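Each chain, written out:
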Amino acid sequence: MTKLIFIILNILLAFTLRAANDWAVWRGPARDGISNEKNLPVKWSPAGDNLAWKAPYGGRSAPIVMGDRVYLQNSAGQGDTLQERVMCFNADTGKLLWEHRFNVYLSDVPPHRVGWASPVGDPTTGNIYVFGVGGTLISLNREGKVLWERSLGEDFGLLTTHGGRTVSPIIDGDLVIVSAVTFMWGTHGRGGHRFMAFDKKTGETIWVSPPAQRPYDTTYPPPIIANINGMRLLMQGASDGMVHAIKPQTGEPVWRYEISKRGLNTGVVVKGTTAILTHSEENLDSSEMGRMVAVDASAKGEIKPENVKWTIKGWQGGFSSPVIDGDRLYQIDNGANIAAFDINTGKQLWIKNLGTIQKASPVFADGKLYVGTENGKFFILKPSATGCEILDEDFVGSEAKPEPVIASAAVSNGRVFVVSDAGLYAIGKKSTTSSHSAGSASPSAVGSNVSSNPVTHVQVVPTELILKPGAKVNFRARLFDAQGNFIREEPAATWSLDQLKGTVTNGQLTVAGDAVNQAGWVKATVDGVTGSANVRVFPPLPWNETFDSVAVNGAPASWVSMTLKFGVRDLNGNKVLAKLTEGSSLLSRSRAYIGPSDWSNYTVESDVMATTKRRQQGDAGVIAQRYVLTLYGNSQMLHIEPWQPEVKRTKSVPYAWKPDTWYRMKLQVENLPDGKTRARGKVWPANEAEPADWMIEMIDSIPNRQGAPGIFGNGLAELYFDNVKVYANK
């Protein structure tokens, strides 16, 4: 009976969410691209017909609408002033109310890919959450004030690439959830697509889930949460070519299905207990590119052939996510052909061409489909069982200069909001009669505070903490049942420490005062079930790491983004840290972070040596406060760069350095009284005296005011680091 009540409540909650006027997340209230609003526009014109307003700000990500405000994520500035940005507009008039800009740093994302993800709004609080291409996660209130900020690149070893692909965050109860390829430490050290949940009020890490296997590339599929036979599942494709289903309040994996040899970028859609998955990459079992498949979402573990209901090979729906209309599914393939499929059998019912290139996902509302194409056209379509009627078709911008549409539309309060690469359009009447809804709360954990089922999962929070020697922290043991429902917080858990020096009593950890690096776990056990929180401890500066106490092939336990990238070698009887060269291309350009991300005003030094392979000499660098001092081997240059792909933010000078020779690098970063930051560096042969003068200097007017120390390596042949020092500026 209790299970039935849970199912009914979730069905009602999903309906309430979809019926609300807010479109607070990419893909809409139920995260499936569907709106229940009626009397929506059937035609419009960028010249003014049925156009409520236009704002001259474009982007590549979908807008969200919450209350009387529209939020858009994009880029701002050019060259040495380029930053990522979130903007807030009045939904009725299009007036710009505020914007917040933030830096991209320590990232391989090129400038034209900035602003990939969409923000997510929390109707309960009115706050919004932004996930930048460089791994910055920010919470802001409705007035644009920053409430908290996390650097997932430095804290979690988040990978960014030239593709820029970034998963948009979602809200679930008290959690904001994101996912990405990360290289962390300890049990999470190997690279993998991980899901990460944070307390939406404080930014504290609640859980990290590593269900994915070896990653192929970065991806941006939209997640969906659905109730499957009383269990709420977050379903999303990942960078390992698999679709994963996890419990959203705990991160526990439930099932997975491998369908491709590359990462997945489209969203899952659900009808009853059937999940439909699509991609356009290499298949595992055939020579065709692309597939659409229906699987039993109530399965457990690895999806088997008997859990597959039907399959269509060769359908290349790799970017535009599908939508469901009763017993039909609509999707647009990579070549901008929209097709309808019978959701029960997979039979294709019809197909119609809309252009040549497609990225945006359609929105289904009021019996119509709203979608733009990369060719610059926006369509209003009326689909049926037998075909698709074009109700309206317009070039966004103008026919002479069309504006590509990569982002999905948003529907709210009788209007359709569309973003092109150059503008934000509100399609609909200039005045609306319906009042703005504050929306409904995001779904909380099923059975919250009511489940009396046995404990199957202990969640120790917060986790992924960085502490100082002698610090005291209170942990909580949160209990969940097999369905992922919250039971209670347990005050009588049995607490213990693993590889940490200190004491833990009734959940309060007191770190030992020893001035040493630590990495370990705080554990809580209830009814024979154990959970743990990850903790790293860093002593105050100065540091000096010689690697003498680290095992060969190992790495300092508390350093992030090391596994398969760096390892200690015995080089001529001396232990050094090597930049490794085997493995995936995702391991090539590697940054490792060796301390807290909130430090400032310090200096990093290291000995470095490059070797050569096929006449190629690698690149080595040190990192301080989000600036990198890099020796480039092939070009024989010395750079200071906060964000290497944006060359206008780079300072460079020639520097000839030889392979198989040790050099000393020194980078000092200082926050100046005028609000700017100064980074300056020098390099010299390690067997010579340090030169008095700095060789290279950068004064940054859009400064990084804090950041973790680290090292950087990239090359076909091994690079070596030794005698790494970090100390406060003198």
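Participant: Sorry if this is basic, but what is going on with the overall build of the protein chain here?
Facilitator: For the protein chain, the helix and strand inventory stands at two helices and 60 strands. In terms of C-alpha radius of gyration, the protein chain reaches 26 Å, essentially the compact-globule figure of 27 Å for 730 residues. Expressed along its principal axes, the backbone C-alpha trace of the protein chain runs to roughly 80 × 65 × 55 Å. Pairs at least 24 apart in sequence give 59% of the contacts found in the protein chain among residues at least 6 apart. Of the roughly 26,700 Å² of accessible surface on the protein chain, a fraction of 48% belongs to carbon and sulfur atoms. Of note, the protein chain has its 75 positive side-chain charges centred 1 Å away from the centre of its 70 negative side-chain charges.

Participant: Could you clarify how one ought to interpret the pairing of strand β60 (residues 719-728) in this entry?
Facilitator: Where burial is concerned, most of β60 is hidden: seven out of the ten residues are buried. Two strands pair when backbone bridges link them, and strand β45 (residues 543-545) and β60 are joined in this way by three bridges, in the antiparallel orientation. When the sheet's bridge partners are listed, Trp 543 is paired in β60 with Val 726. When strand β47 (residues 574-579) meets β60, the two strands line up antiparallel, connected through three bridges.

Participant: Would you explain the nonpolar core in this entry?
Facilitator: A general trend in soluble globular proteins is that nonpolar side chains are found buried together. Counting 42 residues, the largest nonpolar core has Trp 44, Trp 53, Val 70, Phe 378 and Val 416 as the members making the most contacts within it. Secondary-structure elements contributing two or more residues to this core are β2 (51-55), β4 (69-76), β5 (83-90), β28 (363-365), β30 (377-383), β32 (410-412), β33 (415-419) and β34 (424-427). Sequence-distant contacts of Trp 44, that is, excluding residues within four places in its chain, are made with Asp 49, Asn 50, Leu 51, Phe 378, Ile 380, Asp 392, Asp 394, Val 396, Tyr 425 and Ile 427.

Participant: Sorry, what's going on with the sheet that holds strand β20 (residues 274-282) here?
Facilitator: Backbone hydrogen bonds are what pair the strands of a sheet, in a parallel or an antiparallel way. Ordered by their spatial adjacency, four strands build an open sheet running β19-β20-β21-β23, and the pairing between neighbours is antiparallel. The open sheet has two edge strands, β19 (269-271) and β23 (308-313), and neither has a second partner. Strand-to-strand twist across the sheet, computed as the mean angle between neighbouring axes with direction ignored, equals 20°. Examined bridge by bridge, β19 and β20 share three bridges and lie antiparallel to one another. Bridge pairing in β20 places Lys 271 opposite Thr 274.

Participant: Looking at this structure, how should I read the sheet that holds β4?
Facilitator: An order of β3-β4-β5-β6 is seen for the four strands of this open sheet, with the pairing classed as antiparallel. The open sheet terminates on both sides in strands that have one partner only, identified here as β3 (64-66) and β6 (96-102). Geometrically, the sheet is characterised by an average inter-axis angle of 25° between neighbouring strands, direction not taken into account. For β4 and β5, the ladder comprises eight bridges, and the chain directions are antiparallel. Its bridge partner lying in β5, Tyr 71 is registered against Cys 88.

Participant: What am I meant to see in the packing of aromatic side chains here?
Facilitator: The geometry of an aromatic ring pair comes down to the distance between the two centres and the angle between the two planes. Per the stated rule, a full pass over the model turns up 20 aromatic pairs. Ring centres of Trp 543 and Trp 599 lie 5.1 Å apart, and the angle between their planes is 55°; on these two criteria the pair is classed as tilted. One end of the pair, Trp 543, is in strand β45; the other, Trp 599, is in the loop between β48 (590-593) and β49 (602-610), with 56 residues separating them in the sequence. Take Trp 543: its relative accessible area is 11%, and that puts it in the buried class. Accessibility expressed as a relative area gives 17% for Trp 599, which makes it buried. Every member of this aromatic cluster is reached through a ring pair, and the members are Phe 538, Trp 543, Trp 599 and Tyr 602. Note that Lys 565 overlies the ring of Phe 183, its terminal NZ or CZ placed 3.8 Å from the centroid. Here the basic side chain of Lys 730 rests over the ring of Tyr 727, its NZ or CZ set 4.9 Å away from the ring centre.

Participant: Just to check I follow, could you spell out the pattern of salt bridges for this structure?
Facilitator: As a working rule, side chains carrying opposite charge can pair if their charged atoms are close by. If you walk through the whole model with that rule in mind, you get 35 salt bridges. With a shortest N-O distance of 2.6 Å, Lys 368 and Asp 366 are connected by a salt bridge. With a shortest N-O distance of 2.7 Å, Glu 490 and Arg 488 are connected by a salt bridge. Its relative accessible area of 13% is what places Glu 490 among the buried residues. Beyond isolated ion pairs, a larger network of salt bridges with shared partners links Glu 605, Asp 607, Arg 664, Lys 666, Lys 682 and Glu 690.

Participant: Just to check I follow, could you spell out the layout of surface pockets for this structure?
Facilitator: A water-sized probe rolled over the atoms picks out the places where empty space is left. Roughly 540 Å³ of internal volume is contained in the second largest pocket. As for the second largest pocket, its lining consists of 22 residues, of which Asp 155, Ile 466, Pro 596, Ser 597 and Asp 598 are closest to the centre. Residue classes in the lining of the second largest pocket are distributed as eight nonpolar, five polar and nine charged.

Participant: When you look at the pairing of β30 in this model, what are you seeing that I'm missing?
Facilitator: Side-chain positions along a regular strand alternate between the two faces of the sheet. The element β30 is largely enclosed, with a buried count of five among its seven residues. Pairing geometry for strand β29 (residues 368-372) and β30, over four bridges, is antiparallel. Bridged to Val 371 within β30 is Phe 379. Between β29 and β30, which pair antiparallel and follow one another directly, the connecting turn spans four residues, one of which, Gly 376, has a positive phi of 100°.

Participant: Got a minute to help me understand the confidence of the model for the protein chain in this structure?
Facilitator: Should pLDDT be low for a region, the predicted coordinates there are not to be read in detail. Counting all residues, the mean pLDDT for the protein chain is 94, and 95% of those residues have values of 70 or more. The model gives residues 1-19 a pLDDT under 50, and that stretch makes 26 contacts with residues more than four places away or in other chains. Contacts of residues 437-448 to residues separated by more than four positions or lying in other chains number 42 contacts, the stretch itself having pLDDT below 50.

Participant: Would you mind going over the side chain of Arg 328 with me for this structure?
Facilitator: Position of Arg 328 among the secondary structure elements: in strand β25 (residues 328-332). Within the structure, Arg 328 has its side chain in polar contact with the side chain of Tyr 330 (distance 2.9 Å).

Participant: Please clarify how unusual backbone geometry should be interpreted in this entry.
Facilitator: Leave glycine aside and you will find that most residues have negative phi; peptide bonds, for their part, are mostly trans. Omega for the bond connecting Val 461 with Pro 462 falls within 30 degrees of zero, at -5°, which places this linkage in the cis form. By the element assignment, Pro 462 lies in the loop between β35 (457-461) and β36 (465-467). Between Leu 541 and Pro 542 the backbone carries a cis peptide bond, its omega angle lying at 10°. Position of Pro 542 relative to the elements: it lies in the loop between β44 (529-537) and β45. A positive phi angle, close to 55°, is found at Glu 464, a residue other than glycine.

Procedures and definitions
- Residues numbered from 1 in each chain as written.
- Predicted model: local features only at pLDDT ≥ 70, side-chain atom pairs only at ≥ 80, totals over all residues.
- Heavy atoms only, no water.
- Helix = DSSP H or I, 4+ residues; strand = E, 2+ residues; numbered from the N terminus.
- Rg over C-alpha atoms; globule rule 2.2 N^0.38 Å.
- Contact = heavy atoms within 4.5 Å.
- Areas by Shrake-Rupley, 256 points an atom, 1.4 Å probe, with all protein chains shown as cover.
- Lys, Arg positive; Asp, Glu negative; His and termini not counted.
- Charge placed at Lys NZ, Arg CZ, Asp CG, Glu CD.
- Buried < 20%, exposed > 50% of the residue type's maximum accessible area, 1.4 Å probe, protein only.
- Pairing = 2+ DSSP bridges.
- Core = buried A, V, L, I, M, F, W, Y, C linked by side-chain atoms within 4.5 Å.
- Axes fitted to C-alpha atoms, helices over the stretch in contact; angles between N-to-C directions.
- Phe/Tyr/Trp six-rings, centres within 6.5 Å; stacked < 30°, edge-to-face > 60°.
- Lys NZ or Arg CZ within 6 Å of the ring centre and 35° of its normal.
- Salt bridge = Lys/Arg side-chain N within 4 Å of Asp/Glu carboxyl O.
- 1 Å grid on protein atoms, 1.4 Å probe; cavity = no way out; pocket = protein on both sides within 12 Å on 5 of 7 lines; lining within 4 Å.
- Points joined across faces, edges and corners; volume = space filled by probe spheres on them.
- Nonpolar A, V, L, I, M, F, W, Y, C, P; charged D, E, K, R; others polar.
- pLDDT = per-residue confidence, 0-100.
- Polar contact = N/O pair within 3.5 Å; in protein donor to acceptor, adjacent residues only side chain to side chain.

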